[in-house]
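Next come the chains, spelled out residue by residue.
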Amino acid sequence: MKRLTIITILMATTMQMEAFTPWTKGGFETGIYRNVFVEMGYEPAAVDAKLKEVFDDVFRGPNKVYFEVGDSMGYVSDIKNDDARTEGMSYGMMIAVEMNEKDIFDRLWRWSKKYMQHQSGYREGYFAWSCKTDGTHNAEGAASDGELYFITALIFASNRWGNDTGIDYKAEAQHILNCIQPREYTPEPRRGGSPGFGMQQAGSQKMYLIDPETQLITFTPDGFGQRFTDPSYHIPAFYEVWAKWADDGRSEYWMECAQKSREFLHKAIDGNTGLNADNCQYDGTEIQMPRFPGMPEGKPRKLGNNNFRYDSWRVPMNIALDYEWSCADREWQQKYGETIQNFLYSQGLNTFVDQYRVDGTLPEDDEILPAGGFRKLRHSIGLVATSAAASVMCSHDKSKEFVDALWNARHVPFEDGYFDAYYDGLLRLFAFMHLSGNYRVIGR
């Protein structure tokens, strides 16, 4: 009995050492993905059930954000803003293809193509970033992360289901890839605009998703937003997917974009806190936004536009994805994962808030970005989720505490009634996919 006990302890210790040993090869090469929940002691059946529960919360439950339209279409809605966004539509497609939910994928794509994608004009191939749920455009401009996800999800759909089941996924992806190349255009009088920024200059201009000079993704592909980038739009491994399976003749270029994106993240993220600004110059430095109309001259704009906040939550999860799939920047990524977890842990594992200055100090009241009619710092499940996803990169003991915190977190309204089924819900689902080994490269 004593011998059996010793053997059991040694086996458990060995499994724990393996679980906390960062990998040196990614899914592109190995086709293997960690189930971190199981490594950390959760039963496989319980993990499968939990993933299904979280998926159903988003797509089928009483607080779902996915809605079907007729026999062939559907949309994902940001409920609190009563719209459909390219962010949510493309996220929904990525989740659907990963989970082998072809009907959901096809419905979302048909809605996106019918209502969001410009079929002609200088924006051809791009998507209106926000629409009413009846398909009416709230804005005409694109938010570049939508195109990033649409392309990658369509390539995966092509690899998983082929191109002869009613939608030629590969041709749709190639069409977008061709349309996002630099093109000349003359801006129209402003109507709607891009997400947050839409200032146009007169005369002929160029539109592009990827800045030609730096090979980094733009915040928006036209207007003021193409002068800078958003760190949360940087998912280098997506470019590797394009390089391997888009068959658009640009493989070498996309691999260069992946490398440039990794180099950018090194510059944009604070080495002491692991935090990043919401928007950055292409060299990773802080960007100064213009004053709002009506703001008194000389008064600084203090809306925390350079703080770590909603978009920024995605960065830990995105870096984890690049680590899991490519592992091309593993040493820096492992250090990053532990840095941001150490910072958030220092703020209290169950109390860290969802907005900080990049140096880790708290924003003042007028720097806090409102959401859903509230201007308030919270312990948001979206950041709980993405910081837990970073555990796949980490070898320190704290990583299990972050995983446990996500597992035990309840996605329910706050005491004041605030509830975000959409953004918090999608990030929570992505994190469960990561940590259960269900966010994978889908090759041919």
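Residues numbered from 1 in each chain as written. Predicted model: local features only at pLDDT ≥ 70, side-chain atom pairs only at ≥ 80, totals over all residues. Heavy atoms only, no water.

K.L.:
Can you walk me through helix 5 (residues 86–98) in this structure?
P.N.:
Residues three or four positions apart in an α-helix share a direction because the helix packs 3.6 residues into each turn. With 13 residues, helix 5 extends 18 Å between its outermost C-alpha atoms, agreeing within 8% with the 18 Å of an ideal straight helix rising 1.5 Å per residue. Where burial is concerned, most of helix 5 is hidden: 13 out of the 13 residues are buried. Directly beyond the C-terminal end of helix 5, a positive phi value near 60 degrees is found at Asn-100. (Helix = DSSP H or I, 4+ residues; strand = E, 2+ residues; numbered from the N terminus. Expected span 1.5 Å × (residues − 1). Buried < 20%, exposed > 50% of the residue type's maximum accessible area, 1.4 Å probe, protein only.)

K.L.:
Can you walk me through the environment of Ile-95 in this structure?
P.N.:
As for its position among the elements, Ile-95 is in helix 5. Considering only alpha carbons, one finds Ile-95 and Asn-438, 343 residues apart in sequence, at a separation of 9.7 Å. Excluding residues within four positions of it along the chain, Ile-95 makes contact with Phe-55, Phe-59, Leu-426, Leu-429, Phe-430 and Met-433. (Contact = heavy atoms within 4.5 Å.)

K.L.:
Can you help me understand the pairing of strand 2 (residues 73–76) in this one?
P.N.:
Look at any regular strand and the pattern is simple: side chains alternate between the two faces of the sheet. Neither face of strand 2 is left uncovered, since the one carrying Met-73 and Tyr-75 and the one carrying Gly-74 and Val-76 both have all their residues buried. Between strand 1 (residues 66–69) and strand 2, which pair antiparallel one after the other, the connecting turn spans 3 residues, and Gly-70 there sits at a positive phi close to 65 degrees. (Pairing = 2+ DSSP bridges.)

K.L.:
In this structure, what is going on with the confidence of the model for the chain? I would like to understand it.
P.N.:
Close inspection of predicted coordinates is inappropriate for parts of the model with low pLDDT. Scored by pLDDT, the chain comes out at a mean of 91, with 88% of its residues at no less than 70. Below pLDDT 50 for its whole length, residues 1–19 participates in 2 contacts with residues either more than four positions away or in separate chains. Long-range and interchain partners of residues 291–300, a stretch whose pLDDT sits below 50, account for 8 contacts in this model, where long-range means more than four residues apart. (pLDDT = per-residue confidence, 0-100.)

K.L.:
What exactly am I supposed to notice about the nonpolar core here?
P.N.:
The tendency in soluble globular proteins is for nonpolar side chains to be buried side by side. If you look at the biggest cluster of nonpolar residues, it comprises 135 residues, and the most contacted ones within it are Phe-105, Trp-242 and Trp-325. The element contributing the most residues to this core is helix 7 (residues 144–161), with 10 residues. Those residues in contact with Trp-325, other than ones at most four positions away along the chain, are Gly-26, Gly-27, Phe-28, Tyr-33, Glu-98, Phe-156, Ala-237, Phe-238, Val-241, Tyr-439, Arg-440 and Val-441. (Core = buried A, V, L, I, M, F, W, Y, C linked by side-chain atoms within 4.5 Å.)

K.L.:
Teacher, can you tell me more about the packing of aromatic side chains here?
P.N.:
In this description, a pair of aromatic rings is defined by centroid distance and the angle of the planes. Considering all chains together, one arrives at 41 aromatic pairs under this definition. On the numbers, 5.5 Å between centres and 80 degrees between planes, the contact of Phe-105 with Tyr-169 is edge-to-face. Taken together, the residues span a long stretch of sequence, with Phe-105 in helix 6 (residues 102–116) and Tyr-169 in helix 8 (residues 169–179) at a distance of 64 residues. Comparing Phe-105 with Tyr-169, the two get one shared label, buried. Ring centres 6.5 Å apart and planes at 40 degrees place the aromatic pair Tyr-149 and Phe-430 in the tilted group. One end of the pair, Tyr-149, is in helix 7; the other, Phe-430, is in helix 15 (residues 423–435), and 281 residues separate them in sequence. By relative accessible area, Tyr-149 is classed as buried at 4%. Through successive ring pairs, a cluster of aromatic residues spans Phe-28, Tyr-91, Tyr-149, Phe-156, Phe-238, Trp-245, Trp-325, Phe-430 and Tyr-439. (Phe/Tyr/Trp six-rings, centres within 6.5 Å; stacked < 30°, edge-to-face > 60°.)

K.L.:
Would you mind showing me how to read the pairing of strand 1 here?
P.N.:
Two strands pair when backbone bridges link them, and strand 1 and strand 2 are joined in this way by 4 bridges, in the antiparallel orientation. Paired with Phe-67 across the two strands is Tyr-75, which belongs to strand 2.

K.L.:
Got a minute to help me understand the pattern of salt bridges in this structure?
P.N.:
Any two side chains of opposite charge can pair, on the condition that their charged atoms come close. Going through the model one piece at a time under the given rule, you end up with 29 salt bridges. One salt bridge connects Asp-78 with Lys-80, and the closest N-O pair in it is separated by 3.2 Å. One salt bridge connects Glu-240 with Arg-262, and the closest N-O pair in it is separated by 2.7 Å. Taken together, the residues span a long stretch of sequence, with Glu-240 in helix 9 (residues 236–245) and Arg-262 in helix 10 (residues 251–268) at a distance of 22 residues. Both residues of the pair, Glu-240 and Arg-262, belong to the buried class. Bridged by salt links that share partners, the residues Asp-78, Lys-80, Asp-83, Arg-85 and Asp-420 form one connected network. (Salt bridge = Lys/Arg side-chain N within 4 Å of Asp/Glu carboxyl O.)

K.L.:
Please clarify how unusual backbone geometry should be interpreted in this entry.
P.N.:
Peptide bonds are, in most cases, trans, and in most cases residues other than glycine have a negative phi. The backbone of Gln-215 shows a phi angle near 65 degrees, a positive value even though the residue is not glycine. Position of Gln-215 among the secondary structure elements: in the loop between strand 6 (205–207) and helix 9. Phi is positive for Asp-247, which is not a glycine, with a value near 55 degrees. Owing to a relative accessible area of 41%, Asp-247 belongs among the partly exposed residues under this scheme.

K.L.:
How should I be thinking about the side chain of Ser-130 in this particular structure?
P.N.:
As for its placement among the helices and strands, Ser-130 is situated in strand 4 (residues 130–131). Once residues lying within four places of it in the same chain are set aside, the contact partners of Ser-130 are Asp-83, Ala-84, His-137, Asn-138 and Ala-139.

K.L.:
I tried to follow the side chain of Thr-218 on my own but got confused; where do I start?
P.N.:
Its place among the elements puts Thr-218 in the loop between strand 6 and helix 9. One polar contact links Thr-218 to Ser-144, side chain to side chain, over a distance of 2.9 Å. Side-chain polar atoms of Thr-218 contact the backbone oxygen of Thr-220, separated by 3.1 Å. If we skip the residues at most four places from it in the chain, Thr-218 touches Ser-144, Tyr-208, Leu-209, Asp-211, Gly-225, Gln-226, Phe-228, Thr-229, Tyr-233 and Tyr-282. (Polar contact = N/O pair within 3.5 Å; in protein donor to acceptor, adjacent residues only side chain to side chain.)

K.L.:
Sorry if this is basic, but what is going on with the environment of Met-393 here?
P.N.:
Within the secondary structure, Met-393 sits in the loop between helix 13 (381–389) and helix 14 (398–408). Judged by its relative accessible area of 0%, Met-393 is buried. Each C-alpha atom of the pair Met-393 and Thr-21 lies 8.9 Å from the other, and the pair is 372 residues apart in sequence.

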